[in-house]
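What the coordinates show
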Amino acid sequence: MWNHVYHALEQQIDPDEFHTWLSQVTLTSLKKERLILSAPNKFVARWIAEHYIQIIQDAFKKIFNFSPEVQIEQRSCPPPENSSSTASFASPQNRSNHIPAQQHLQTFETFLEAEENRFARVLSTQVTEQTGKDYNPLYIFSALSTGKSHLLHAIDHRLRLKSPGFHSECLTADAFTHSMVLASRNHRLHEWRIKLEALDALLLDDIHAFEGRKTSQKEFLRIFDQFQQTNRQIVLTGKQPPNHLTTIMPELRSRLQWGIFAEILLPSQTLKMKILKASPHLSLFDIPEDVLFFLAGDAQDLKTLVERSIALASHLSLQEGPVDLATIRNVINRKHNKSTTLAHIQEVTSRHFNIPVSDLISGSKSRRTAYPRQIAMFLARKWTRLSFKDIGRAFGNKDHSTVVYAVQRIEKMKLSGTAVLDDIRKIEVILF
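Reading the values: the criteria
Residues numbered from 1 in each chain as written. Predicted model: local features only at pLDDT ≥ 70, side-chain atom pairs only at ≥ 80, totals over all residues. Heavy atoms only, no water. Core = buried A, V, L, I, M, F, W, Y, C linked by side-chain atoms within 4.5 Å. Buried < 20%, exposed > 50% of the residue type's maximum accessible area, 1.4 Å probe, protein only. Helix = DSSP H or I, 4+ residues; strand = E, 2+ residues; numbered from the N terminus. Axes fitted to C-alpha atoms, helices over the stretch in contact; angles between N-to-C directions. Parallel < 35°, antiparallel > 145°, perpendicular 65-115°, else oblique. Left-handed = near helix turned anticlockwise from the far one by under 90°. Contact = heavy atoms within 4.5 Å. Nonpolar A, V, L, I, M, F, W, Y, C, P; charged D, E, K, R; others polar. Pairing = 2+ DSSP bridges. Salt bridge = Lys/Arg side-chain N within 4 Å of Asp/Glu carboxyl O. Phe/Tyr/Trp six-rings, centres within 6.5 Å; stacked < 30°, edge-to-face > 60°. Lys NZ or Arg CZ within 6 Å of the ring centre and 35° of its normal.

Notes on the nonpolar core
Of all hydrophobic cores here, the largest spans 51 residues; its most connected members are W2, I48, I56, F176, I207, F220 and L256. The leading source of residues in this core is helix α9 (residues 214-229), at five residues. Listed in part, the 25 residues of the second largest apolar core include I345, V348, F353 and I391.

Shown next as structure tokens:
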């Protein structure tokens, strides 16, 4: 019953709005005309309770000719893998916090500690023990991908485990801006501010992305001041220390320097080897030590290391043959030389999902076209040098924020399971 209503709401509500607020809602129970739904956190639960109860009741009335009492609860654990609310996409893309077998969950337990990151890890754990006290704000920085986001999510995870009623929010600077713009468009900016101000802790990733975004900086400065005045924890990550963020407004830059800084250095060969040996992507294969050593030495940062381990795993899953240095060199060189066009990406993606290109670039908001379109936008951003604006223009003059949302959503979905990774891998195999 909820499944039918869920699909009706998906068709009725703007896709960005739907996926922001309703895509992770799951059915808890429906008894005697009382519907209990669960939301991933208190922030979302409150927003749905205030803005979508009547819409949900109207949908029930239209489809089943009765209007149940609706109650929204915060769930204390991720939704089950086969939850009915995820039916809009067969893959686990709408369950960004659900990690099959817990393999990809970014916790302190899965964070490999080494000399390069020990100070940042120690401060991060202390923040969860003394929230809002000595280390506030905590600012973690590194020039390249070295595990900043992992620590941020680990803090969020630990805080939620320790205090089920504690409400922290972990988001990127891009997501902060996108949600602010979306709220403004829907004339809900005041409500958006209230919800953020109600948080117990705010964890913001990639604050350097605020550079050049004055409105986002002003909004965050206002929230920052409120959190400081009430001793609520803020944790930030960036590519540089605050004093190097020259295009951030001086007032905000000054506040970012109030707390304590922790730099994560580039990973050593030893750490990279440990990461490769713990990789869930490579665990299914018997890979010689010299291959792992070469792979670790060729990647300067962890993002590149993970990408190449995934590329190697994909190659090994599709091809039979020895796993040796020649194999890994071939995979890396092929990845370096990859290039394609946006038109080719659209063509291959539409063929993979068995829909015409015209549907892919249309204004249709149906489930049949929305997910393939987001996949194509993600691949266009990954494999071409086009801007968000240029990609949006090629998809029926979509706004650049739609492309930003699509890329962020697919990135989240990649962490939550294998279905979306399988779609991307199959399309990339044809592309290259």
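Structure's up, so let's keep going.
Notes on the packing of helix α17 (residues 367-383) against helix α20 (residues 419-431)
Contact geometry for α17 and α20: axes closest at 11 Å, N-to-C directions at 60°. As far as their axial angle goes, α20 and α17 are oblique. Note on packing geometry: the crossing formed by α17 with α20 is right-handed. Facing α17, whose interface residues are Y371, I375, F378, L379, K382 and W383, α20 presents V420, D423, I424, I427 and E428. A class-by-class count of the residues in the contact of α17 with α20 yields eight nonpolar, no polar and three charged.

Concerning the sheet that holds strand β6 (residues 201-205)
Across a sheet, paired strands are connected by hydrogen bonds in the backbone, their directions being either parallel or antiparallel. If you walk across this open sheet you meet the five strands as β5-β6-β7-β4-β8, and the pairing is parallel. Each edge of the open sheet carries a strand with a single partner, namely β5 (168-172) and β8 (260-263). Strand-to-strand twist across the sheet, computed as the mean angle between neighbouring axes with direction ignored, equals 15°. Examined bridge by bridge, β6 and strand β7 (residues 233-238) share four bridges and lie parallel to one another. Note on β7: the bridge partner recorded for L203 is V235. Across the sheet, helix α7 (residues 173-185) lies against β5 and β6, angled at about 100° from β5, the strand it touches most.

Observations concerning the sheet that holds strand β2 (residues 34-39)
If you walk across this open sheet you meet the three strands as β1-β2-β3, and the pairing is mixed. Either end of the sheet is taken by a strand with one partner, and the two such strands are β1 (26-31) and β3 (69-74). Going from strand to strand, the sheet's axes swing by 20° on average, the running direction of each strand aside. Sheet topology note: the β2/β3 ladder contains six bridges and is parallel. Its bridge partner lying in β3, L35 is registered against V70. Against the sheet, helix α4 (residues 53-64) contacts β1, β2 and β3, and its axis sits at roughly 130° relative to β3.

Structural notes on the pattern of salt bridges
Summed over all chains, the structure comprises 17 salt bridges. Where D174 meets R213, a salt bridge forms, and the shortest distance between an N and an O atom there is 2.7 Å. With a gap of 39 residues between them, D174 in helix α7 and R213 in the loop between β6 and α9 connect regions that are remote in the sequence. Note that R185 and D399 form a salt bridge whose closest N and O atoms lie 3.3 Å from each other. Placement of the pair is R185 in helix α7 and D399 in the loop between α18 (388-394) and α19 (400-415), with a sequence separation of 214 residues. A network of salt bridges, in which partner residues are shared, links E113, E115, R118 and R121.

Focus on the packing of aromatic side chains
Applying the stated rule across the entire model yields nine aromatic pairs. Ring plane angle 70° and centroid distance 5.4 Å describe the contact between F176 and F210, whose orientation is recorded as edge-to-face. Taken together, the positions of F176 in helix α7 and F210 in the loop between β6 and α9 put the pair 34 residues apart, joining distant regions of the chain. Neither F176 nor F210 differs from the other in exposure class; each is buried. Relative to F220, the ring of F176 has its centre 6.1 Å away and its plane inclined at 85°; by these criteria the two rings are edge-to-face. Of this pair, F176 sits in helix α7 while F220 sits in helix α9, placing them 44 residues apart in sequence. Using a relative accessible area of 0% as the deciding quantity, one classes F220 as buried. Pairwise contacts between aromatic rings join F176, W192, F210, F220, F224 and W258 into one cluster. Over the face of the ring belonging to Y52 we find R188, whose NZ or CZ atom lies 5.5 Å from the ring centre. Geometry around F388 places R381 over its ring, the cationic atom sitting 3.9 Å from the centre.

These figures come from the coordinates and say nothing about function on their own.
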